[in-house]
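Here is how the chains run, residue by residue.
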Amino acid sequence: MNNERRYTVVGLGELLWDVSPTQEWLGGAPANFAYMTAVLGDSAIVASRVGNDPRGHEALRRLNWAGVSVSQVQIDSRYATGSVAVELDEKGQAKYTIVEDVAWDYFEFASDWNRLALSADAVCFGSLAQRSSQSRETIRRFLEATRSQTLIVFDVNLRSPFYTGEVLTESFKLTDIAKLNDEEMYTVSELFELPDGTEEECAKRLLERFDLKAVCVTRGRRGSLLITSEDTFEHSGFNVDVVDTVGAGDAFSAALVHHYLRGSSLEKISEAANRLGSWVASQAGATPQVSQSVLEEVLSA
């Protein structure tokens, strides 16, 4: 593929605020993903829904300032902008309490979302935004409206109790690349009764079960495992001082999509994704300003 092309990449799903006892960060995996996609130079669009309230207006302002298109963020006059209470343990690992019945539970598949689906080169979505029947149906319709060559990435992102086996099954069936962490790989293996085996063997069975192009398993500071039907690559990761892990996986996904669209090798994809994800884990919040030196390392891998 032409490396100079600027791809249209959509983060589809929840847009919310991560709220700690001392600070608020703009968040939601699709928004974090879109932010990093814009940093890497592609045309990033968030497809979501916020309330007609101060948090909703501020979310749009911040994303627009960061170079992310918010033209496809719907405004809800009835339901509030989503929020999540975030608590960090002594190792910087995040625990989430997610507010229910908010704006992003009520996506609507309007004509402009249909046009966006037809124009997208890649779409990244997750399981959390499918917790309500309306948002789930809208996401399914959006993905089904994309072109055959559009890259569909399912960032599994399990948040109990907001997923079911049925939601995961339908999502995997619509997916080209599945990305999940090592704990989620174990959960999915049990849920789908994949035969016991190593992490790599389970990932390969998931790949075959749903005829995926690739499966990526992230392992935190231990790196990642990236598998296709032809090849496997393990990356050992980068050792960094973790501030918090919020958004690290979304940054990983953004780098993965950026390089996959350009036909990069599994090694280069893994190097770039681990580098950006680990760097974000060393910063506060999910959308830190990326230095030119870090950006060049990720782009060149």
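Preceding this paragraph is the structure being described.
Here the structure is a predicted model, which is why all the values come from computation and not from measurement.

(A) Seen up close, unusual backbone geometry. The residue after Ser-160, namely Pro-161, is reached through a cis peptide bond having omega 5°. Tracing the sequence through the fold places Pro-161 in the loop between strand E9 (151–155) and helix H5 (165–173). Even without glycine at this site, Asp-211 takes up a positive phi of about 50°. Within the secondary structure layout, Asp-211 lies in the loop between helix H7 (199–209) and strand E11 (214–218). Phi is positive for Ala-301, close to 45°, though the residue is something other than glycine. Tracing the sequence through the fold places Ala-301 in the segment after helix H10 (292–300).

(B) Representation of helix H8 (residues 248–261). Compared with an ideal rise of 1.5 Å per residue, which puts 14 residues at 20 Å, H8 spans 20 Å between its outermost C-alpha atoms and is within 8% of the ideal. Here H8 lies mainly inside the structure; 12 of its 14 residues are buried. Taken as a whole, H8 has its buried residues at Ala-248, Asp-250, Ala-251, Phe-252, Ser-253, Ala-254, Ala-255, Leu-256, Val-257, His-258, His-259 and Leu-261. Just downstream of H8, Gly-263 is the residue with a positive phi angle, here 70°.

(C) The sheet that holds strand E5 (residues 73–76), seen in detail. One open sheet holds the 9 strands; their spatial order is E5-E4-E1-E8-E9-E10-E11-E12-E13, and the pairing between them is mixed. Here the strands that pair on one side only, and so sit at the sheet edges, are E5 and strand E13 (232–235). With direction set aside, neighbouring strand axes in the sheet form an average angle of 15°. Inspection of the sheet shows strand E10 (residues 177–181) paired to E11 by 5 bridges, in the parallel sense. Pairing of Leu-180 across the sheet is with Val-217, part of E11.

(D) Geometry of the packing of helix H9 (residues 266–281) against H10. Interaxial distance between H9 and H10 falls to 8 Å at its minimum, and their mutual angle equals 155°. The angle between H9 and H10 falls in the class roughly antiparallel. Touching Lys-268, Ala-272, Arg-275, Leu-276 and Trp-279 of H9 are Val-294, Glu-297, Val-298, Leu-299 and Ser-300, all from H10. Here the contact of H9 with H10 is composed, by residue class, of 6 nonpolar, 1 polar and 3 charged.

(E) Inspection of the side chain of Thr-175 at higher detail. Tracing the sequence through the fold places Thr-175 in the loop between H5 and E10. Accessibility expressed as a relative area gives 5% for Thr-175, which makes it buried. Only 2.6 Å separates the side chain of Thr-175 from the backbone oxygen of Ser-171, close enough to count as a polar contact. Excluding anything up to four places from it in sequence, Thr-175 contacts Phe-125, Ile-152, Phe-154 and Leu-212.

(F) Here's a closer look at the environment of Arg-141. Mapping Arg-141 onto the fold places it in helix H4 (residues 133–144). The class for Arg-141 is partly exposed, based on a relative accessible area of 41%. Linking Arg-141 and Ala-117, residues 24 residues apart in sequence, is a C-alpha distance of 9.3 Å.

Each value, and the rule that gives it
Residues numbered from 1 in each chain as written. Predicted model: local features only at pLDDT ≥ 70, side-chain atom pairs only at ≥ 80, totals over all residues. Heavy atoms only, no water. Helix = DSSP H or I, 4+ residues; strand = E, 2+ residues; numbered from the N terminus. Expected span 1.5 Å × (residues − 1). Buried < 20%, exposed > 50% of the residue type's maximum accessible area, 1.4 Å probe, protein only. Pairing = 2+ DSSP bridges. Axes fitted to C-alpha atoms, helices over the stretch in contact; angles between N-to-C directions. Parallel < 35°, antiparallel > 145°, perpendicular 65-115°, else oblique. Contact = heavy atoms within 4.5 Å. Nonpolar A, V, L, I, M, F, W, Y, C, P; charged D, E, K, R; others polar. Polar contact = N/O pair within 3.5 Å; in protein donor to acceptor, adjacent residues only side chain to side chain.

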